[in-house]
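# Structural description and commentary
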Amino acid sequence: MTWVTAVARLRARRESGVLVTVATVRGHAPRRAGAKLVVGPTDAWGSIGGGNIEAVAIDRCREMLSAGQQEPELIDFALTDKVTGRHGVQCCGGAVSVLLEPLPVVPAVAVFGVGHVGLELARILARHDLDLHLVDSRSAMLAGERLAVLADAVAQVHLHHAPLLPEEVLEELPHGTHVLIMTHDHAEDAALCDAALRTRHLGSVGLIGSAAKWARFRKRLATEGGHDDDAIDRIKTPIGLADLTGKEPATIAVGVAADLLRTFEAEGAGNSRPG
């Protein structure tokens, strides 16, 4: 398996990893500069030369993964019989520098409702490295010609046409997915809010709409849904930036995206702290 395929496999599994590259070689060494190894939580693919170099690199990668470290590291190895490594001696006679680059799990976002605001939001979010799930009960909203604006997306875009019960898609989403509810139908929004509060593996939940809409929803979530105040408070509404007051779809989308990116940064800062 190539290192590119290995990185793609980690991405598909939504597992973090570390890309290990032989950065420099001086003198004789097991592999040339550019050789790569991909290390995941339980698996490793490729090779940077075996022996002590590779074993030490894998050990350090697993320590980085355990700590949630996101900063790269450079490790130097002297390959002489005068240096005994943790996993034995490699006496090729040269020296090697190895770069360890963390491959964090990218954020995941699900936009329920790809109408005017949803499409503008998708255009912004698609420019970022994340898993973007677009969900709509209307097939026309997910038509290829309409979503052609996402053709050059950096994000991996996943489409979900759910004509009957869009809330069932919630169970399919990856752990920690941030959910944004902005469908064309208030009844659909209400059902999604109720289902989101019952789906324990999600990240943040946001709802577009007015204060009056939220007051009705909040009452229904409490009386008909049986949710307590702490659970209901998981839903953020209104979404976006409070001081950005424009009502154009693109303006609303900019505010929602900016607020979500701040959430990503806060999560990244938390994950980078040692456990």
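Data block above holds the structure.
As a starting point, this report considers the structure included with it. Only a predicted model underlies this, so the values are computations on that prediction, with no experimental measurement involved. (Residues numbered from 1 in each chain as written. Predicted model: local features only at pLDDT ≥ 70, side-chain atom pairs only at ≥ 80, totals over all residues. Heavy atoms only, no water.)

## Remarks on the sheet that holds strand β7 (residues 131-136)
- The six strands are arranged β8-β7-β6-β9-β10-β11 in an open sheet whose pairing can be described as parallel. Strands at the two margins of the open sheet, each flanked by one partner only, are β8 (156-161) and β11 (235-236).
- In this structure, strand β10 (residues 205-207) lies alongside β11, joined through two bridges in parallel fashion. Across the sheet, V205 pairs through a bridge with I235, a residue of β11. (Pairing = 2+ DSSP bridges. Helix = DSSP H or I, 4+ residues; strand = E, 2+ residues; numbered from the N terminus.)

## Here we look at the packing of aromatic side chains
- All chains considered together, the criterion is met by zero aromatic pairs.
- Positioned above the aromatic ring of W3, the side-chain terminus of K36 is 5.1 Å from the ring centre. (Phe/Tyr/Trp six-rings, centres within 6.5 Å; stacked < 30°, edge-to-face > 60°. Lys NZ or Arg CZ within 6 Å of the ring centre and 35° of its normal.)

## As for the sheet that holds strand β5 (residues 95-103)
- An order of β3-β2-β1-β5-β4 is seen for the five strands of this open sheet, with the pairing classed as antiparallel. Of all strands in the sheet, those with a lone pairing partner are β3 (44-46) and β4 (73-78), marking the two edges. Averaged over all adjacent pairs, the angle separating strand axes in this sheet is 20°, with direction ignored.
- Two elements, β4 and β5, share six bridges in a ladder whose sense is antiparallel. Within β5, the position partnered with I75 by the bridge is V98.
- On top of the sheet, helix α1 (residues 3-13) reaches β1 (17-26), β2 (36-39), β3 and β5; it is set at about 15° to β2, its chief contact.
- Its contacts with the sheet place helix α2 (residues 51-67) against β1, β2, β3, β4 and β5, and it is angled at close to 25° to β5. (Axes fitted to C-alpha atoms, helices over the stretch in contact; angles between N-to-C directions. Contact = heavy atoms within 4.5 Å.)

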